[in-house]
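Here's the letter readout for the chains.
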Amino acid sequence: MQKKADLDKLSRLRGALWVALKELEGALEVACERSALVKGNVYELARKCGKPSCACAAGQLHRSMVLSWSHQGKTRLRTIPPDKLDRLRAHSEHYLRYRRARARVTEIHQQILKLFDQIEKLRREKP
Ligand SMILES: [Zn+2]
């Protein structure tokens, strides 16, 4: 017969298991969305072109929106045409959310395994 304290603990662990499942469901929903994902950050880049006679040499920097992402350890940069900015920005945010959800799946997975082990310990009887 199990002790009252163990039964209470078991009940708490079962509850935590269902909470974890709900969270997992939320993370999996992100994977089921249909929008395109673009890896990288969108931001404004201000730079000098290097020509001594250009206005940028006097401080009026050239400004453009860029997408930067890392590829094989190197940072890549691409200028974004204005008509593509909104779309790219949205897709890059979707990508970030996607990667966060993926990381969350790993955490929840670990958490569920831990709960499994704790439950097993409490439910096991000596043979
Ligand atoms: Zn310039």
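Source: prediction; values computed, not measured. (Residues numbered from 1 in each chain as written. Predicted model: local features only at pLDDT ≥ 70, side-chain atom pairs only at ≥ 80, totals over all residues. Heavy atoms only, no water.)

Chemist: Before we move on, could you go through the overall build of the protein and cite the residues and values that matter?
Modeler: Along the protein, the regular secondary structure elements total two helices and three strands. Put simply, the protein runs from its N terminus to its C terminus through helices and strands in the order α-β-β-β-α. Over its C-alpha trace the protein gives a radius of gyration of 25 Å, far above what one expects of a compact globule, namely 14 Å for 127 residues. Seen through its principal axes, the protein has C-alpha atoms that stretch 90 × 30 × 25 Å. Across the 127 residues that make up the protein, the buried fraction comes to 22%. Nonlocal contacts in the protein, meaning residues at least 24 apart in sequence, comprise 58% of its contacts between residues at least 6 apart. Each charge class in the protein was averaged separately, 28 positive and 14 negative side chains, and the resulting centres sit 8 Å apart. (Helix = DSSP H or I, 4+ residues; strand = E, 2+ residues; numbered from the N terminus. Rg over C-alpha atoms; globule rule 2.2 N^0.38 Å. Buried < 20%, exposed > 50% of the residue type's maximum accessible area, 1.4 Å probe, protein only. Contact = heavy atoms within 4.5 Å. Lys, Arg positive; Asp, Glu negative; His and termini not counted. Charge placed at Lys NZ, Arg CZ, Asp CG, Glu CD.)

Chemist: Which residues make up the coordination of the zinc ion, and what values go with them?
Modeler: For the zinc ion, every protein donor is listed as Cys49 (SG), Cys54 (SG), Cys56 (SG) and His62 (NE2), and the spread of their distances is 2.0 to 2.3 Å. Classification of the site at the zinc ion as tetrahedral follows from its four donor atoms and the range of 104 to 117° in their angles at the metal. Coordination of the zinc ion draws on donor residues from a single chain, spaced C-x4-C-x1-C-x5-H in sequence. Assessed through its relative accessible area of 42%, Cys49 is described here as partly exposed. (Donors = N, O, S within 2.8 Å, 3.2 Å for Na, K, Ca; no water. Tetrahedral: all angles 85-135°; square planar, octahedral: opposite > 155°, others 65-115°.)

Chemist: Describe the nonpolar core, and please don't skip the residues or the numbers.
Modeler: Val38, Val42, Leu67, Trp69, Ile80, Leu85 and Leu88 together form the largest nonpolar core, which totals seven residues. Only strand 2 (62-71) and helix 2 (85-123) provide two or more residues apiece to this core. Core analysis: the second largest hydrophobic core is formed by five residues, Leu10, Leu13, Ile119 and Leu122 among them. (Core = buried A, V, L, I, M, F, W, Y, C linked by side-chain atoms within 4.5 Å.)

Chemist: Could you give me a rundown of the pairing of strand 2, with the residues and numbers involved?
Modeler: Of the pairings in the sheet, the one linking strand 1 (residues 41-47) to strand 2 comprises seven bridges and is antiparallel in character. Bridge assignment links Leu45 to a residue of strand 2, and that residue is Ser64. Where strand 2 lies against strand 3 (residues 74-79), six bridges are found, and the strand directions are antiparallel. Residue Trp69 lies in a different strand from strand 3, and its bridge partner there is Arg76. With antiparallel pairing between neighbouring strands as the criterion, strand 2 and strand 3 make up a hairpin whose turn holds two residues, including Gln72 at a positive phi of roughly 50°. (Pairing = 2+ DSSP bridges.)

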